[in-house]
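# Fold and geometry: a report
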Amino acid sequence: MILQSMLPRGVVAREAQADVDAPLHPREAAQIAKAVPKRQAEYATVRHLAREALGELGIGDAVLVKGEGGGVDWPRNVVGALTHCEGYRGAVVGYRMGVRTIGIDAEPHLALPDKVLPTVSVESERDVLAARPDDGLHWDRLLFCAKEATYKAWNPITGRWLGFEDAEITFDLAERTDDAAEGTFRSRILIDGRTTDGGPPVAAFDGRWRITDGLIVTSIAVV
């Protein structure tokens, strides 16, 4: 699995390349009832994966409704994150005693659509991207993917929104082959980092990224 190898011990990951026919709790079904069938299938599949991962932690029959910040209201003492894109579904969970927060995201390894980059980046990030040689990696989409993982790690411990302009991300490339690449990133928080979980303020998140099989995956885990 891609995700499991990108996360620390104690975090459980589950992945799928296609949707599964998975039942939903009535409260979950009510949240997604008005969505198109494709969105309903994605919603059900990532929750199925999350329940499998929670089962490995010894937690059964969890109801995984969406909370106010857009993430899941996880069971007590659990942190987790979900992601889905074309051809990929993923879920990760861990006990709060060992992991403070988790953020993941997956995107197709394709260039961002025209005119999207300025809306999801700060000037310093665009300057770095413009200076990069054409190496076959879609760094703009990787940037977007890392920003999404950043928000998913941020919101559960702050209870606040984090805009694309509120974090500055830098990347390191650790390994590159003809059809894959991986490395690390740092997401520097540009706004007040006060938290509500009793932990220290957040100045930055450190994460990992991987590009393989036409997919970009990013992960953050604060232990």
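Our subject is the structure that appears above.
In this report, we go over the structure that sits alongside the text. Here, residues in each chain are numbered from 1, in the same order as that chain's written sequence. Local features in this predicted model are restricted to residues of pLDDT 70 or higher, and side-chain atom pairs are both shown and tallied only at a pLDDT of 80 or more, whereas totals for entire chains, interfaces and linings draw on every residue. Only hydrogens and water are removed before side-chain values are computed, so all heavy atoms of the structure are retained for them.

### Structural notes on the side chain of Thr-101
How we decide: Secondary structure elements follow DSSP: runs of H or I of four or more residues count as helices, runs of E of two or more count as strands, with numbering from the N terminus. The cut-offs for exposure are 20% and 50% of the maximum accessible area for each residue type, with area from a 1.4 Å probe on protein chains only; residues under the lower value are buried, those over the upper are exposed, and the others partly exposed. The definition of a polar contact used here is a pair of N or O atoms within 3.5 Å, where within protein one atom must be able to donate a hydrogen and the other to accept one, and adjacent residues in sequence count solely through side-chain atom pairs. Should any heavy atoms of two residues lie within 4.5 Å, those residues are considered in contact.
Along the chain, Thr-101 turns up in strand β4 (residues 101-108). A residue is classified by how much of its surface remains accessible, and Thr-101, at 1% relative accessible area, is buried. At 2.8 Å, the side chain of Thr-101 and the backbone oxygen of Ala-153 are in polar contact. Dropping the residues within four chain positions of it, Thr-101 is found in contact with Lys-152, Ala-153, Pro-156, Ile-157, Phe-205, Ile-220, Ala-221 and Val-222.

### Quick notes on the pattern of salt bridges
Note the following rule: Salt bridges are identified by distance alone: a Lys or Arg side-chain nitrogen within 4 Å of an Asp or Glu carboxyl oxygen.
This structure, assessed with the given rule, holds 15 salt bridges. For Asp-197, the salt bridge is made with Arg-100, and the minimal N-O distance between the two is 2.7 Å. Here Arg-100 lies in the loop between β3 (88-95) and β4 and Asp-197 lies in the loop between β6 (180-189) and β7 (204-212), a separation of 97 residues in the sequence. Residue class for Asp-197 comes out partly exposed when judged on its relative accessible area of 33%.

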